[in-house]
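Descriptive analysis of the structure
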Amino acid sequence: MSNERVSLAGTWPARAKEWDLGVAKSGNEQIAILFQITEGPHTGKHIQAYLSFAGGALDRTLESLRHCGWDSDSLAELDTLSNNEIELVIADEEYTTDQGEVKVTSKVSWVNRRSRLMLKNQMNAAQKAAFAAKMRGKAIASKQKYGAQPAPTAGAAAAPRTNGQAQRSYDDGYAPEHEQAEDNIPF
């Protein structure tokens, strides 16, 4: 068994598993949260975050707790803290031990809301089917006009597709037809 330290540096989906309020050496109130990484090469690994309620950190700490799922107005009621999956931004930091030895540890830098696709008015299954049927003719015409593009071979750059037409750019005021239409998209 190796004692080699594994870096957790990166941005990883995670969920709060345990937490408690405490007081730091500085005398400032804080919350310690044990997170478990839920996806990627470090799935199942744990990392602890210490979030301060002092000074300028207060608002960001409360925001982080909200991202985790906290929905109360009392810090005595933290039972919903594991409701949401979040994204942890983890960085490696050097520190010096009491014996003067330089070591590296992974530390939580940020607790962020999990990025996900958002639509104001998402179609239900029936609406999607009706829309797909309505657009079927346009989809067939598009396939005939543009065809399916094969994936580029490894190491080869994909050539721009022109269909025999000169390439135009946004710099010369050109926008494809579908981008010129004024859709009332609510986002």
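See the structure above.
Please read these numbers as outputs of a predicted model, since none were measured by experiment.

Rules and cut-offs
Residues numbered from 1 in each chain as written. Predicted model: local features only at pLDDT ≥ 70, side-chain atom pairs only at ≥ 80, totals over all residues. Heavy atoms only, no water. 1 Å grid on protein atoms, 1.4 Å probe; cavity = no way out; pocket = protein on both sides within 12 Å on 5 of 7 lines; lining within 4 Å. Points joined across faces, edges and corners; volume = space filled by probe spheres on them. Helix = DSSP H or I, 4+ residues; strand = E, 2+ residues; numbered from the N terminus. Nonpolar A, V, L, I, M, F, W, Y, C, P; charged D, E, K, R; others polar. Pairing = 2+ DSSP bridges. Expected span 1.5 Å × (residues − 1). Buried < 20%, exposed > 50% of the residue type's maximum accessible area, 1.4 Å probe, protein only. Arc of directions from axis to C-beta. Contact = heavy atoms within 4.5 Å. Patch = residues over 30% accessible without salt bridge, like charges linked within 9 Å, V, L, I, M, F, W, Y side chains within 5 Å. Areas by Shrake-Rupley, 256 points an atom, 1.4 Å probe, with all protein chains shown as cover. Salt bridge = Lys/Arg side-chain N within 4 Å of Asp/Glu carboxyl O. Core = buried A, V, L, I, M, F, W, Y, C linked by side-chain atoms within 4.5 Å. Polar contact = N/O pair within 3.5 Å; in protein donor to acceptor, adjacent residues only side chain to side chain. Axes fitted to C-alpha atoms, helices over the stretch in contact; angles between N-to-C directions.

Attention now goes to the layout of surface pockets. Approximately 170 Å³ is the volume attributed to the second largest pocket. Surrounding the second largest pocket, Ala49, Tyr50, Leu51, Ser52, Ala57, Arg60, Thr61, Ser64, Val108, Ser109, Trp110 and Val111 form its lining. Of all elements in the fold, only strand 3 (46-52), helix 1 (57-68) and strand 5 (102-113) reach the threshold of two or more residues within the lining of the second largest pocket. A per-class count over the lining of the second largest pocket returns seven nonpolar, four polar and one charged.

With that out of the way, let us pick up the pairing of strand 2 (residues 29-37). Inspection of the sheet shows strand 1 (residues 10-23) paired to strand 2 by nine bridges, in the antiparallel sense. Looking at the pairing, aspartate 20 lines up with alanine 32 of strand 2. Hairpin connection from strand 1 to strand 2: five residues lie between these consecutive antiparallel strands, with glycine 27 at a positive phi of about 95°. Pairing of strand 2 with strand 3, which is carried by seven bridges, proceeds in the antiparallel orientation.

With that settled, the discussion passes to helix 1. Between its first and last C-alpha atoms helix 1 spans 17 Å; for twelve residues at 1.5 Å apiece the expected length is 16 Å, and the two agree. Taken together, the buried positions of helix 1 are occupied by Thr61, Ser64, Leu65, His67 and Cys68. An end-on view of helix 1 places all buried positions within 155° of arc, on one side of the element. Residues of helix 1 that are buried in the fold lie against strand 2, strand 3, strand 4 (86-96) and strand 5. One or two positions beyond helix 1, positive phi appears at glycine 69, with a value near 125°.

A cluster of nonpolar side chains, contributed by Met123, Phe131 and Met135, occupies part of the molecular surface with about 250 Å² of accessible area. Here phenylalanine 131 shows up in helix 2 (residues 125-146). By relative accessible area, which is 40% here, phenylalanine 131 ends up partly exposed.

Moving on: the nonpolar core. In terms of nonpolar packing, the biggest core is built from 22 residues, with Ile31, Ile33, Phe35, Leu88 and Ile90 touching the most fellow members. It is strand 2 that contributes the most residues to this core, four residues altogether.

On to the side chain of arginine 114. When you line up the elements, arginine 114 lands in the loop between strand 5 and helix 2. Of the residues examined, arginine 114 reaches a relative accessible area of 18% and is grouped as buried. Only 3.4 Å separates the side chain of arginine 114 from the side chain of glutamate 39, close enough to count as a polar contact. Look past the residues within four positions of arginine 114 in its chain and what remains in contact with it is Pro13, Glu39, Glu85, Ile86 and Glu87.

On to the sheet that holds strand 5. Pairing is antiparallel in the open sheet, where five strands are placed in the order 3-2-1-4-5. One side of each edge strand has no neighbouring strand; the edge strands of this open sheet are strand 3 and strand 5. Averaged over neighbouring strand pairs, the angle between their axes works out to 40° when direction is ignored. With five bridges connecting them, strand 1 and strand 4 associate as antiparallel partners. Pairing of proline 13 across the sheet is with glutamate 87, part of strand 4. Contacting strand 2, strand 3, strand 4 and strand 5, helix 1 runs over the sheet at an angle of about 70° to strand 5.

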